[in-house]
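# Structural features, examined
Residues per chain are reported as follows:
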Amino acid sequence: MTTSERRYHITTFGCQMNKADSERMAGILEDMGFEFSEDPNDANLILYNTCTIRDNAEQKVYSYLGRQAKRKQQHPDLTLVVAGCVAQQEGEALLRRVPELDLVMGPQHANHLQDLLEQVFNGNQVVATEPIEIIEDITKPRRDSDVTAWVNVIYGCNERCTYCVVPNVRGTEQSRTPEAIRAEIEELGRQGYKEVTLLGQNIDAYGRDLPGVTESGRHQHTLTDLLYYVHDVPGIERIRFATSHPRYFTERLIRACKDLPKVCQHFHIPFQSGDNQLLKAMARGYTHEKYRRIINTIREYMPDAAISADAIVGFPGETEAQFENTLKLVEDIGFDQLNTAAYSPRPGTPAALWDNQLSEQVKSDRLQRLNRLVSVKAAERSQRYLGRVEEVLVEAQNPKDKTQVMGRTRGNRLTFFAGDIEELKGKLVEVKITQVRAFSLTGERVNESVVITSMCS
Ligand code: SF4
């Protein structure tokens, strides 16, 4: 393949970690001389970065892959890559299922894409799923946004939640050093990015695998320390982090979020269930009382903080009364946003083997009931924004109304207002909220001349 013929397409499924991995792999491909192709049928390298958290995402991969495998029979120079969690889980079995595949690579191998492709171009069919130490990546990711960016801080997960495939597919925890993380954020600041989201499957575990303890015996490197360490990076106006785990969430972290002005007062802390017996069966390591205490503490320090979470309904053995405990938690806390899912048994996880699985009908009925409550509560939470002036970081044009731009408030509410994207992209703008919906807002610029360029010294 000559350089001029090199066109790639990446389709990404699943979570923010996968999106961040895809951006890094796109960066590697562009360094290798590939150009991005919007249309997969026009590309000669197709990479599916896959997710196995739910069965439907996995099935979608197989159907996309089937189509491209057929295309490869007519175009033998097409390179087909499956990366991510399905690749890790299935390994060689994927090659047996789709013999047209050239490369099957687990998430830990994302930074090695170039080496792996070179083996492919030398005529090999390659499977890379063995656990490895993740190397620092020197390639610049091709980021989807030029305003906000993901920054991985810890890979893998050492938890053993009984429904989750992540520890099997993403391996044990590996934290990046604070210096490497800061260097990446400094580079983003130089390039004009305004917001970073620090990412980890369980971000509260950050640093516990790095050497060093303090005099009081705690790990020297924690997420809280990292927030202090990166907070003054020039150009970066907002810092977020995800995903938090209630088991390890500390008051020290809450205080840091209050004290550090760039850290957005938005917390994404999955609770999964509002019932203690189910939380135990899920091996989550906390009770609903502890979860409520965390939220209360956050609200004591920051009464207006936005709170979002993830919840699963229909976990094996969940009774109606246990499900109602989840409803009660949602009712009591009032989330700004809640990602809900019906439990889906995943291969290789303990809960998938239990014989107390619920019917699809019960699961979907509970999901609908929960979603109805979530919308009502989110709409209630939205009311507090009406008439207020919010700081919005403008990211893009509203695709449904070209006279408007859209961005997010510090609490992560999607907000639309009239404006010119050429003028406003990447700017922090004061917007008076005039309409509220459950999950988004509409407003108007308070003063055409006021564009906040930096809220921190
Ligand atoms: S904390 Fe639990 S749910 Fe989250 S990635 Fe780790 S094992 Fe999965």
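Residues numbered from 1 in each chain as written. Predicted model: local features only at pLDDT ≥ 70, side-chain atom pairs only at ≥ 80, totals over all residues. Heavy atoms only, no water.

## Here we look at the sheet that holds strand E9 (residues 195-200)
Note: strands within a sheet are paired through backbone hydrogen bonds, in either parallel or antiparallel orientation. Worth spelling out the cut-off: Strands are labelled as partners when DSSP assigns at least two bridges between them. The secondary structure listing takes helices from DSSP runs of H or I that are at least 4 residues long and strands from runs of E that are at least 2 residues long, numbered from the N terminus. Note on contacts: a residue pair qualifies if any of its non-hydrogen atoms lie within 4.5 Å across the two residues. Angles here are taken between N-to-C directions and fall from 0 to 180 degrees, while the axes themselves are lines fitted to C-alpha atoms, restricted in helices to the stretch in contact.
Pairing in this open sheet of four strands is mixed, and the strands run E8-E7-E9-E10 from one edge to the other. Lying at the two open borders of the sheet, with one neighbouring strand each, are strand E8 (174-175) and strand E10 (238-242). With two bridges connecting them, strand E7 (residues 148-155) and E8 associate as antiparallel partners. Opposite Tyr155, over in E8, you have Gln174 as the bridge partner. Each of E7 and E9 touches helix H7 (residues 178-191); the most contacted strand, E7, lies at about 175 degrees to it.

## Focus on the domain arrangement of the chain
For clarity, the threshold we go by: Note: domain ranges come from an automatic or database domain assignment. When two parts are put together, the accessible area they lose, computed with a 1.4 Å probe and summed over both, is reported as buried area. By definition, a salt bridge exists where a carboxyl oxygen of Asp or Glu is found within 4 Å of a side-chain nitrogen of Lys or Arg. What qualifies as a polar contact is a pair of N or O atoms within 3.5 Å, subject to a donor-acceptor requirement within protein and to the restriction that residues adjacent in sequence count only when both atoms come from side chains.
Its domain assignment divides the chain into domain 1 (3-128), domain 2 (148-383) and domain 3 (389-452). The C-alpha-based centres of domain 1 and domain 2 are spaced at 29 Å. Between domain 1 and domain 2 lies a buried interface of about 1,700 Å² when both sides are counted; carbon and sulfur atoms form 54% of it. On the surface where domain 1 and domain 2 come into contact, there are one salt bridge. Here Asp21 and Arg170 are joined by a salt bridge, their closest N and O atoms 3.1 Å apart. Our enumeration of links across domain 1 and domain 2 arrives at four residue pairs in polar contact (both at pLDDT 80 or more). If you list the elements that add at least two residues to the side of domain 1 that touches domain 2, you get helix H1 (16-31), helix H2 (55-74) and helix H3 (84-90). Here the side of domain 1 that touches domain 2 takes eight residues from H1, the largest share from any one element.

## Describing the sheet that holds strand E11 (residues 266-268)
The three strands lie next to each other as E11-E12-E13, forming an open sheet whose pairing is parallel. Two strands bound the open sheet, and with one partner strand each, they are E11 and strand E13 (337-342). Between one strand axis and the next, the sheet turns by 10 degrees as a mean value, whatever way the strands run. Of the pairings in the sheet, the one linking E11 to strand E12 (residues 306-313) comprises three bridges and is parallel in character. Note on E12: the bridge partner recorded for His266 is Ala306.

## Focus on the nonpolar core
Within soluble globular proteins, side chains that are nonpolar tend to cluster in buried spots. For clarity, the cut-off: Take the buried Ala, Val, Leu, Ile, Met, Phe, Trp, Tyr and Cys residues and link them wherever side-chain atoms come within 4.5 Å; each set so joined is a nonpolar core. The classification of residues rests on relative accessible area computed with a 1.4 Å probe and restricted to protein chains. Under 20% of the type maximum is buried, over 50% is exposed, and intermediate values are partly exposed.
By size, the foremost hydrophobic cluster in this structure holds 55 residues, and its most contacted members are Leu198, Leu227, Phe241, Phe267, Phe271 and Ile298. Beyond its immediate chain neighbours, meaning those up to four positions away, Phe267 contacts Phe241, Phe249, Cys257, Ile298, Met302, Ala305, Ala306, Ile307 and Ser308. Ile28, Leu103, Val126 and Ala128 belong to the second-largest nonpolar core, a separate cluster that totals 21 residues.

## Quick notes on the packing of helix H9 (residues 251-259) against helix H11 (residues 288-301)
The condition that has to hold: Throughout, the term roughly parallel applies to angles under 35 degrees, roughly antiparallel to angles over 145, roughly perpendicular to angles from 65 to 115, and oblique to all others. Crossing handedness follows the turn of the near helix against the far one: under a right angle anticlockwise gives a left-handed crossing, and clockwise gives a right-handed one. Ten residues, namely Ala, Val, Leu, Ile, Met, Phe, Trp, Tyr, Cys and Pro, are considered nonpolar, four, namely Asp, Glu, Lys and Arg, are considered charged, and the remaining ones, Gly among them, are considered polar.
Running from N to C, H9 and H11 cross one another at 30 degrees; their axes reach a closest spacing of 10 Å. When the axis of H9 is compared with that of H11, the two are roughly parallel. The interaxial crossing formed by H9 with H11 has right-handed handedness. Judged by residue contacts, Glu251, Ile254, Arg255 and Lys258 of H9 engage Ile294, Thr297, Ile298 and Tyr301 from H11. When grouped by side-chain class, the residues that make up the contact of H9 with H11 number four nonpolar, one polar and three charged.

## Observations regarding the pairing of strand E1 (residues 7-12)
Rules: Orient the strands so they point away from the viewer, and a crossover whose first-strand-to-second-strand path over the helix runs clockwise is right-handed.
Bridge analysis of E1 against strand E2 (residues 35-36) gives two bridges, and the strand direction is parallel. Paired with Tyr8 across the two strands is Phe36, which belongs to E2. Regarding the hand of the β-α-β motif, the stretch spanning E1, H1 and E2 is right-handed. Judged from the five bridges that link them, E1 and strand E3 (residues 45-50) form a sheet pairing that is parallel. Pairing of Tyr8 across the sheet is with Leu45, part of E3.

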